[in-house]
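The lines below spell out each chain.
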Amino acid sequence: RLIRTRLRFARPTSARGTDRTMPPRMPRFTLWHTRNARSLRALWTFEELGLKRGSDYTLHNMRFPPRVHHPEFVRDTNPLGTIPWFEHKEDWDAEPRAAMSESCAVPLYVADICNSPLAMRVGDRGFGNFLNWMMHADATLTFPQTVVMR
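### Some thoughts on the overall build of the protein chain
Then, number 1: A tally of regular secondary structure across the protein chain gives six helices and four strands.
Then, number 2: Residues counted as buried form 36% of the 150 residues belonging to the protein chain.
Then, number 3: Within the protein chain, counting contacts between residues at least 6 apart in sequence, those at least 24 apart form 57% of the total.
Then, number 4: For the protein chain, the exposed surface amounts to about 10,200 Å²; the carbon and sulfur share of it is 55%.

Given below as structure tokens:
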């Protein structure tokens, strides 16, 4: 059973103690994505957490492979040219707090940052099994999956 949650993000307040005078917050997460790629894991996580495209995250849809079709992405954002590419940056940050390319790590990071009940933490019962299954996606299952899909 999937759990859907709506999350409210903490925002700094103005000197008067209300956020009514603050300009609208920019999306804090950015995801570079291509169709049928591992970046779907991060996008799915955004949806499960109830994040809204445009207000909570920015999505850059790209043609695959980005190294060929989007040289500016390789030059300006991700020198490896891999997908997914994820960044977390708050309005007041000069540089991203996180810049990640591992598709299994991004959902863990986002769920934790958003204080989601979907996130398991060290010490939770079953945390080891949770991590093991998360890593199966890129380690154990990738090779057989590519053999079957080709």
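Next comes the rest of the description.
### A closer look at the environment of E48
Then, number 1: Positionally, E48 belongs in helix α1 (residues 40-48).
Then, number 2: What makes E48 buried here is its relative accessible area of 9%.
Then, number 3: Taking C-alpha positions, E48 is 9.6 Å from A111, a pair spaced 63 residues apart along the chain.

### Regarding the nonpolar core
Then, number 1: Core analysis: the largest hydrophobic core is formed by 15 residues, its most contacted members being F29, L31, F46, L51, Y57, F86 and V110.
Then, number 2: Of all the elements in the fold, those that place two or more residues in this core are β1 (29-34), α1, β2 (57-62), β4 (98-100) and α4 (105-113).
Then, number 3: Tallying contributions element by element places α1 first for this core, with three residues.
Then, number 4: Contact partners of V110, with chain neighbours within four places excluded, come to F29, T45, F46, L49, L51 and F86.

### Overview of the sheet that holds strand β3 (residues 85-88)
Then, number 1: If you trace the four strands from one edge of the open sheet to the other, you get β2-β1-β3-β4, paired in mixed fashion. Of all strands in the sheet, those bounded by a partner on one side alone are β2 and β4. Sheet twist, expressed as the average angle between the axes of neighbouring strands with direction ignored, equals 10 degrees.
Then, number 2: Pairing between β3 and β4: three bridges, direction antiparallel. What sits directly across from F86, in β4, is M100.
Then, number 3: Sheet strands in contact with α1 are β1, β2 and β3, and its direction is about 135 degrees off that of β1.
Then, number 4: Lying over the sheet, α4 contacts β1, β3 and β4, oriented at roughly 20 degrees with respect to β3.

How each quantity is defined
Residues numbered from 1 in each chain as written. Predicted model: local features only at pLDDT ≥ 70, side-chain atom pairs only at ≥ 80, totals over all residues. Heavy atoms only, no water. Helix = DSSP H or I, 4+ residues; strand = E, 2+ residues; numbered from the N terminus. Buried < 20%, exposed > 50% of the residue type's maximum accessible area, 1.4 Å probe, protein only. Contact = heavy atoms within 4.5 Å. Areas by Shrake-Rupley, 256 points an atom, 1.4 Å probe, with all protein chains shown as cover. Core = buried A, V, L, I, M, F, W, Y, C linked by side-chain atoms within 4.5 Å. Pairing = 2+ DSSP bridges. Axes fitted to C-alpha atoms, helices over the stretch in contact; angles between N-to-C directions.

Keep in mind that these numbers describe shape and distance, not what the molecule does.
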